[in-house]
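# Coordinate inspection notes
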Amino acid sequence: MPAATTRDGTLITLSRYLREPVPDVVLVGSSITFRLKEEYFATPKLRNLALAGGSPLTGLEIVANQPQLPKFILVEANILARSTDAALVERYSRGDAEPLFFRPVRAAVAAYEQRLHAPRTLEQVAIELRGLLTQPPNDFDNRVYADRALQQLNAEDPTDAVQFNAKRIEELIQVLERRGVRVFLFELPCSEPIEGSRYAAVTREIIHAAFPDSIRWLRLEVNRSELRWADGVHLDERSAVIVTQAMERALALAR
């Protein structure tokens, strides 16, 4: 069982990935992709290794360092100016990410917690998601948060960092594809002001220049009028479900 005595989502996510059977599909990304919960996907063997506050490169490096690989890796291309978390990559590439002494204790705690709060069944989740999609979009007032996010994104010039990380992604894709993995890039929709920000425009220009082949990209077909964002950047729950369904359709066409 993964560590269950901490609220550190990164630790739980990565520990789980190393200790469960290798999935067919892996997502790597930042907090934008982190919002796409695994339970939103109909694909059974899928793991979301996106790290809140982190870089897609961190998850990509960790997956690439494993002896067994998934069939598909989907790489978020929205947030590419953050550097790789070298400490996490080193820790979760060794194969002994958790001390053996603590594993029985954590397993016992995890078993107790699961007994008290049994996870929802797939049928229960599906019913909840269908109900969520029948609701209209939630038009809450997020202007304070969206304006703050836009100000921050316009103030930052990500050119050097994105160029460096795009090159590293290209190197890792070559390594992974030689080992039989298919790698796709994807961009999650943000609000129009955010997509027009300096950060987003520079990132988009660099990453598409580095990967100009349309076959490399998953094209997410969504009705943008149905989407809403908590802060202009991060999808709300209903919108995240809509986007995950679009991602699965795009992946099915690309296979």
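Residues numbered from 1 in each chain as written. Predicted model: local features only at pLDDT ≥ 70, side-chain atom pairs only at ≥ 80, totals over all residues. Heavy atoms only, no water.

### A short note on the packing of aromatic side chains
Between two aromatic rings, the relevant description is the distance of the centres plus the angle of the planes. Inspection of every chain in the model, using the stated rule, returns 1 aromatic pair. Centre to centre, the rings of F72 and F184 are 6.5 Å apart; their planes meet at 20 degrees, and the pair counts as stacked. Placement of the pair is F72 in strand β3 (residues 72-76) and F184 in strand β4 (residues 182-186), with a sequence separation of 112 residues. The exposure class assigned to F72 is buried, which follows from its relative accessible area of 8%. The exposure class of F184 is buried, given its relative accessible area of 3%. (Phe/Tyr/Trp six-rings, centres within 6.5 Å; stacked < 30°, edge-to-face > 60°. Helix = DSSP H or I, 4+ residues; strand = E, 2+ residues; numbered from the N terminus. Buried < 20%, exposed > 50% of the residue type's maximum accessible area, 1.4 Å probe, protein only.)

### A word on the side chain of S191
Among the secondary structure elements, S191 is positioned in the loop between β4 and α9 (192-195). Once residues lying within four places of it in the same chain are set aside, the contact partners of S191 are R224, W229 and G232. (Contact = heavy atoms within 4.5 Å.)

### Some details on the environment of L129
If you trace the backbone, L129 turns up in helix α6 (residues 122-134). Counting along the chain gives 89 residues from L129 to Y40, while the straight-line C-alpha distance between them is 7.4 Å. In this structure L129 touches E39, Y40 and V241, once residues within four positions along its chain are discounted.

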